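Residue-level structural notes
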Amino acid sequence: MLEFFITLLIIGILLVLSEFLLREKLIHGEIARKFVHISTGLFIATWAFYLTVGEIQLISILLLLGVLISQKLKIFKSIRGVDRKTWGEVLFAISVGITITIAPSAWIYAIAILHMSLADGMAAVVGAAHGTSTKYKVFGYSKSLVGSGTFYLCSTFILLIWIMFGISEWQGYYFMLFFWVPFLTTFTENIAVKGIDNVAVPFIVIAVFDLFNRVYA
C-alpha cells in the first residue's frame, strides 16, 4: 500500500514539474505535452514490478478522472498543450489499465507501455523538430518520415534493453521479434490518429508476443 501512495505522489510531482517548466517557458505546447507523455510513461512502465494489477487498474481510473477534470476546468496546461483535436490524454490513462489487464507478464507490460510513451513521444518531438521536409498526410493528419524512423529506432532500442536482461524463454525468437514488433508498431502509430495509437500500439505489442507464444510454445 505504501508503494501505491508513493506512486501517486511521484505522478503528482511530474505534473507539477511540467507545469512549472511550461509557465517558465522552458517548454511549450506539444513539447510540454510530450514531456508529460514520456516522463510519466517511463515511470508507469515500472509499475508491474512492484504494484498489483488491481492497484495499477485503480491508478488508471484515477488518471482518467484527473485528465477529464483537467480538461473541464482547464488546468494542467502541460497535458492540453496541443491545438488539434485528440483523445490522446484520455486514451493514455485508459490504456494503462487495459495493458496491465491483458499483458501476460511484467516485462511485456513494460515493453508495451514504453512503446506508447517513449517511442511515440520521441517520434513526435524529433519529427516536429527535424521532419518538416519529410512530411506526409495520413487521414488528414501530418506525419513525417523522420518521426516514423525515430519510432522504429526507439522500438528496436526498447527490445534491445529487454534482451540485455536475458529473458530466456524468448531466446529463440529474438530475430523475428526484432523484425515484427518495430514494423507493426510503427505502422500502427502511423494510421492510428487522434490519440488512438495510445491504445492500439500497446495492444499490437502484446498481440505479437501472444502470437509467438501460441505458435512456438
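Structure report, in brief.

**As for the environment of Ser155**
Tracing the backbone through its elements, the reader meets Ser155 in helix 6 (residues 145-164). Apart from the residues lying within four places of it in its own chain, the contact partners of Ser155 are His115, Ala119, Val181, Pro182 and Thr185.

**What to know about helix 6**
For helix 6, which comprises 20 residues, the first-to-last C-alpha distance of 28 Å matches the rise-based estimate of 28 Å (1.5 Å per residue) to within 8%. Those residues of helix 6 lying buried are Gly147, Ser148, Thr150, Phe151, Cys154, Ser155, Ile158, Leu159, Trp162 and Ile163.

**A short note on the side chain of Ser60**
Here Ser60 lies in helix 3 (residues 53-73). Judged by its relative accessible area of 5%, Ser60 is buried. Among the polar contacts made by the side chain of Ser60, one reaches the main-chain carbonyl oxygen of Ala93 at a distance of 2.5 Å. Beyond its immediate stretch of four places on either side in the chain, Ser60 contacts Ala93, Ile94, Val96 and Gly97.

**Considerations on the pairing of strand 2 (residues 141-144)**
Sheet topology note: the strand 1 (residues 135-138)/strand 2 ladder contains four bridges and is antiparallel. Each bridged residue has a counterpart across the sheet, and for Lys137 the counterpart in strand 2 is Ser142. Two successive antiparallel strands, strand 1 and strand 2, enclose a turn made up of two residues, where Phe139 displays a positive phi of approximately 55°.

**Observations concerning helix 5 (residues 106-130)**
Think of an α-helix as 3.6 residues a turn; residues three or four steps apart then line up on the same face. Over its 25 residues, helix 5 runs 34 Å from end to end, which matches the ideal 36 Å to within 8%, given 1.5 Å per residue. Of all the bends in helix 5, the greatest measures close to 35° and is centred on Leu114.

**Concerning the environment of Val67**
Positionally, Val67 belongs in helix 3. On the accessibility criterion, Val67 (10% relative accessible area) is buried. For the pair Val67 and Glu89, spaced 22 residues apart in sequence, the C-alpha to C-alpha distance is 6.7 Å.

**Side note on the packing of aromatic side chains**
Applying the stated criterion across every chain, the model contains seven aromatic pairs. Between the aromatic rings of Phe49 and Trp107, the centroid separation amounts to 5.3 Å while the plane-to-plane angle is 75°, which identifies the pairing as edge-to-face. On the criterion of sequence distance, the pair formed by Phe49 in the loop between helix 2 (29-44) and helix 3 and Trp107 in helix 5 is long-range, its members being 58 residues apart. Look at Phe49 and you get partly exposed, because its relative accessible area is 44%. In this structure Trp107 comes out as partly exposed when scored by relative accessible area, which is 28%.

**Quick notes on the pattern of salt bridges**
Scanning the entire structure with this criterion turns up one salt bridge. Lys143 is the salt-bridge partner of Glu189, the closest N and O atoms lying 3.6 Å from each other. You can see Glu189 sitting in helix 7 (residues 174-191) and its partner Lys143 sitting in strand 2, a full 46 residues away along the chain. For Lys143, a relative accessible area of 15% gives the class buried.

**Here's the deal with the packing of helix 4 (residues 88-102) against helix 5**
Remark: helix 4 packs on helix 5, axes separated minimally by 10 Å, with the N-to-C direction vectors making an angle of 160°. When the interaxial angle is binned, helix 4 and helix 5 end up roughly antiparallel. Crossing angle aside, the handedness with which helix 4 passes helix 5 is right-handed. Residues Phe92, Ser95, Val96, Thr99 and Ile100 of helix 4 pack against Tyr109, Ala112, Ile113, Met116 and Ser117 of helix 5.

**Looking at a nonpolar patch on the surface**
Together, Leu58, Ile61, Leu62, Leu65, Ile69, Leu73 and Ile75 make up a nonpolar patch on the protein surface, roughly 610 Å² of accessible area in all. Here Leu65 is to be found in helix 3. By relative accessible area, which is 44% here, Leu65 ends up partly exposed.

**Observations concerning unusual backbone geometry**
With phi around 60°, Lys194 is a residue other than glycine that occupies positive phi space. With respect to the element layout, Lys194 can be found in the loop between helix 7 and helix 8 (197-216). A residue is classified by how much of its surface remains accessible, and Lys194, at 36% relative accessible area, is partly exposed.

Conventions adopted
Residues numbered from 1 in each chain as written. Predicted model: local features only at pLDDT ≥ 70, side-chain atom pairs only at ≥ 80, totals over all residues. Heavy atoms only, no water. Helix = DSSP H or I, 4+ residues; strand = E, 2+ residues; numbered from the N terminus. Contact = heavy atoms within 4.5 Å. Expected span 1.5 Å × (residues − 1). Buried < 20%, exposed > 50% of the residue type's maximum accessible area, 1.4 Å probe, protein only. Polar contact = N/O pair within 3.5 Å; in protein donor to acceptor, adjacent residues only side chain to side chain. Pairing = 2+ DSSP bridges. Bend = angle between axes of the 7 residues up to and from the residue. Phe/Tyr/Trp six-rings, centres within 6.5 Å; stacked < 30°, edge-to-face > 60°. Salt bridge = Lys/Arg side-chain N within 4 Å of Asp/Glu carboxyl O. Axes fitted to C-alpha atoms, helices over the stretch in contact; angles between N-to-C directions. Parallel < 35°, antiparallel > 145°, perpendicular 65-115°, else oblique. Left-handed = near helix turned anticlockwise from the far one by under 90°. Patch = residues over 30% accessible without salt bridge, like charges linked within 9 Å, V, L, I, M, F, W, Y side chains within 5 Å. Areas by Shrake-Rupley, 256 points an atom, 1.4 Å probe, with all protein chains shown as cover.

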